[in-house]
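The primary structure of each chain is shown beneath.
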Amino acid sequence: MRSFSLSALAALALPALFSAAPAAAQPARSCHYDIRLHDPAALILDVTARCDDTGPVAFDRPGEAGMAAALERFEPGADGRSVQYRFRLGDLAASPEVAQRIGPAVISPLSVWLSPPDLPGSTAVTLSVTAGDGLDIATGLPQRDGLLRMTAADLPYGGFAVFGRFTRRLLPAGGDAKIELVGFPGRLQLDDATIDTWVTDSAKAVSQYYGHFPLRHTLILATPVRGRAGIQFGQVRGGGGGTMLLQIGEQATRAQLYDGWILVHEMIHLGAPFVTGRSFWLMEGMATYGEPVIRARAGWYPVPQMWHEFASQMPRGVDALTIQSLDAVTRRGIYWGGAIFMLLADIDIRERSHSRASLETCFRAVLNDGGNTTVRWPRAEFLRVCDAATGTGTMARLAARYVTQAAPLDLNALWRDLGVKLTADGVQFDDAAPKAALRRAITAGS
Ligand SMILES: [Zn+2]
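Residues numbered from 1 in each chain as written. Predicted model: local features only at pLDDT ≥ 70, side-chain atom pairs only at ≥ 80, totals over all residues. Heavy atoms only, no water.

> So what's going on with helix 12 (residues 394-402)? Residues and values would help.
Of all the residues in helix 12, the buried ones are Thr394, Met395, Leu398, Ala399 and Tyr402. Around the axis of helix 12, the buried residues are gathered within 120° of arc, so they sit on the same side. Buried residues along helix 12 sit against helix 8 (318-324), helix 9 (332-352), helix 10 (359-368) and helix 11 (379-390). (Buried < 20%, exposed > 50% of the residue type's maximum accessible area, 1.4 Å probe, protein only. Helix = DSSP H or I, 4+ residues; strand = E, 2+ residues; numbered from the N terminus. Arc of directions from axis to C-beta. Contact = heavy atoms within 4.5 Å.)

Here's what the structure looks like:
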């Protein structure tokens, strides 16, 4: 199952992705949320939010349809710029988009339980969190001077947070990057050390692709799935700070961890902005194409199997380019249609730059320009930064051909040129094919 986020799709419809900064004469506004967690059974959040005193502020009720049962005493303050409410996390409906109960803990995105102020997106938001009764709270938000920090623009896309009883382990991810891994004791058959090594190994493999690990701080919530094996599901939410939900079957084995694609796929998402303007094909194309390549380079995925996956799965994405256009494509097409686009781009960049650049040159430039999962970029900006880095104009040319219109594509000719031939039980390589060296370079890495 590809980790397809319906809430992310819904977010496309939200207006004002980039809110205008307030007029120069007006000081930037700020709001502070005081959050207190108590009651181990019900997991109750008492929230007081107050904005600065430059004018009245209205707060929207948190929680969409189906979450009303969890909200109590929503009371705007008499000062016209504050609100108090109680949120019963234990009463939230179970779904990854809303809440997930794992024994004595609940996972729920910030966007579910934080009441947003009707202020510009540039408004600074600080949170102070306290937990009583032996409970704890973890978020992906950066912390400075004892306060968690984000902006009002981040609120609708806010990352996952976890409440209750759980464990935290801080793993090195190269340089000053750290992964905070939240676990739920006594649920997985695998021991913590095996999980930690796998997460660290995956971070290393992804770092070789991007040049470094995408974020300085990432919160990964490793949640157990009863009665299942292998890795079940993953999802990244980046508003304000990078967070990842990673569902692991309780019976998962060490071999299944390294055989699974989900963690590396989601880590690729950490290293790219949320691209606005019907661009799921771009984000999912990056991850669908990059993940098998990264795992092949790490030695976890045999190279012939990788090309077998590409040659057997990419035909599912052809219509997205040749009939629908990537702009118009939905569901399945965003993954394999996007992956075809990335393979075409990788080959074109390598050819035109005489192997001085590759698709990674483009992705690294976007990341180093601040384009990680905590921000939102227009597609044109992504493609421009990419092309500036490779000097090949590849992205602009391919986008003009396949994004807003459909155009012909001969995938069979591509496999022939790369020297990839599907057989009954795998692939056969032809090293005399005109682009065989490019094919080998893709899995050799830099
Ligand atoms: Zn994805």
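Let us keep going from here.
> Outline the packing of helix 6 (residues 280-297) against helix 11, listing residues and values.
As a packed pair, helix 6 and helix 11 sit with axes 10 Å apart at the nearest point and diverge in direction by 45°. Classified by the angle between their axes, helix 6 and helix 11 sit oblique to one another. Together, Trp281, Leu282 and Met286 of helix 6 and Arg379, Phe382 and Leu383 of helix 11 make up the contact between the two elements. Considered class by class, the residues forming the contact of helix 6 with helix 11 number 5 nonpolar, no polar and 1 charged. (Axes fitted to C-alpha atoms, helices over the stretch in contact; angles between N-to-C directions. Parallel < 35°, antiparallel > 145°, perpendicular 65-115°, else oblique. Nonpolar A, V, L, I, M, F, W, Y, C, P; charged D, E, K, R; others polar.)

> Residues and numbers for the coordination of the zinc ion, please.
The zinc ion binds to the protein through His265 (NE2), His269 (NE2), Glu284 (OE) and Glu284 (OE); the donor distances cover 2.0 to 2.7 Å. One can describe the site at the zinc ion as irregular: its 4 donor atoms subtend angles covering 52 to 148° at the metal. Coordination of the zinc ion draws on donor residues from a single chain, spaced H-x3-H-x14-E in sequence. Separated by 15 residues along the polypeptide, His269 in helix 5 (residues 262-270) and Glu284 in helix 6 bring together distant segments of the chain. The exposure classification of His269 matches that of Glu284, with both residues buried. (Donors = N, O, S within 2.8 Å, 3.2 Å for Na, K, Ca; no water. Tetrahedral: all angles 85-135°; square planar, octahedral: opposite > 155°, others 65-115°.)

> I'd love a proper account of the state of the cysteines, names of residues and values included.
Across all of its chains, the model carries 2 disulfides by this definition. In this model Cys31 forms its disulfide with Cys51; the gap between the sulfur atoms is 2.1 Å. For the disulfide bridge between Cys31 and Cys51, the dihedral angle about the S-S bond is near 100°, and by the sign convention the bridge is right-handed. Placement of the pair is Cys31 in strand 1 (residues 30-38) and Cys51 in strand 2 (residues 44-51), with a sequence separation of 20 residues. (Disulfide = S-S within 2.5 Å.)

> How would you explain the sheet that holds strand 15 (residues 231-237) if you had to name every residue and give the values?
In spatial order, the strands read 12-13-14-16-15; together these 5 strands make up an open sheet with mixed pairing. Strand pairing shows two members of the sheet lacking a second neighbour, strand 12 (167-172) and strand 15, which therefore form its edges. Averaged over all pairs of adjacent strands, the angle between strand axes in this sheet comes to 20°, irrespective of strand direction. Of the strands in this sheet, strand 12, strand 13 (178-183), strand 14 (217-225), strand 15 and strand 16 (242-249) are in contact with helix 3 (residues 192-210), which crosses strand 12 at around 40°. The strands touched by helix 5 within the sheet are strand 13, strand 14, strand 15 and strand 16, with strand 15 carrying the most contacts at an inclination of about 5°. (Pairing = 2+ DSSP bridges.)

> Could you give an account of the pattern of salt bridges, naming the residues involved and the relevant values?
In the structure shown here, the tally under the stated rule is 25 salt bridges. Of the charged contacts in the structure, one is a salt bridge between Asp52 and Arg29, with a shortest N-O distance of 3.0 Å. Highlighted residues: Asp52 in the loop between strand 2 and strand 3 (71-76) and Arg29 in the loop between helix 1 (6-11) and strand 1, separated in sequence by 23 residues. Residue Arg379 pairs with Asp327 through a salt bridge whose shortest N-O separation is 3.5 Å. Placement of Arg379 in helix 11 and of Asp327 in the loop between helix 8 and helix 9 is noted, with a sequence separation of 52 residues between them. (Salt bridge = Lys/Arg side-chain N within 4 Å of Asp/Glu carboxyl O.)

> Pulling in residues and values, what's your account of the pairing of strand 20 (residues 426-429)?
The pairing of strand 19 (residues 420-423) with strand 20 spans 4 bridges and is classified as antiparallel. Looking at the pairing, Val420 lines up with Phe429 of strand 20. What sits between the antiparallel neighbours strand 19 and strand 20 is a turn of 2 residues.

> So, the domain arrangement of the chain: which residues are in play, and what are the values?
Per the domain assignment, the segments making up the chain are domain 1 (6-11 + 24-165), domain 2 (168-270) and domain 3 (275-444). Relative placement of domain 1 and domain 3: their C-alpha centres are 38 Å apart. (Domains from an automatic or database assignment.)

> Before we move on, could you go through the nonpolar core and cite the residues and values that matter?
Counting residues in each nonpolar core, the largest one holds 96 residues, and the members touching the most others are Trp198, Val199, Met267, Tyr289, Met314, Phe382 and Trp415. Ranked by residue count, the leading element in this core is helix 9, at 12 residues. Formed jointly, this core draws a minimum of three residues from each of two domains, domain 2 (168-270) and domain 3 (275-444). Residues in contact with Trp415, not counting those within four places in the same chain, are Trp307, Phe310, Ala311, Met314, Leu343 and Val420. (Core = buried A, V, L, I, M, F, W, Y, C linked by side-chain atoms within 4.5 Å.)

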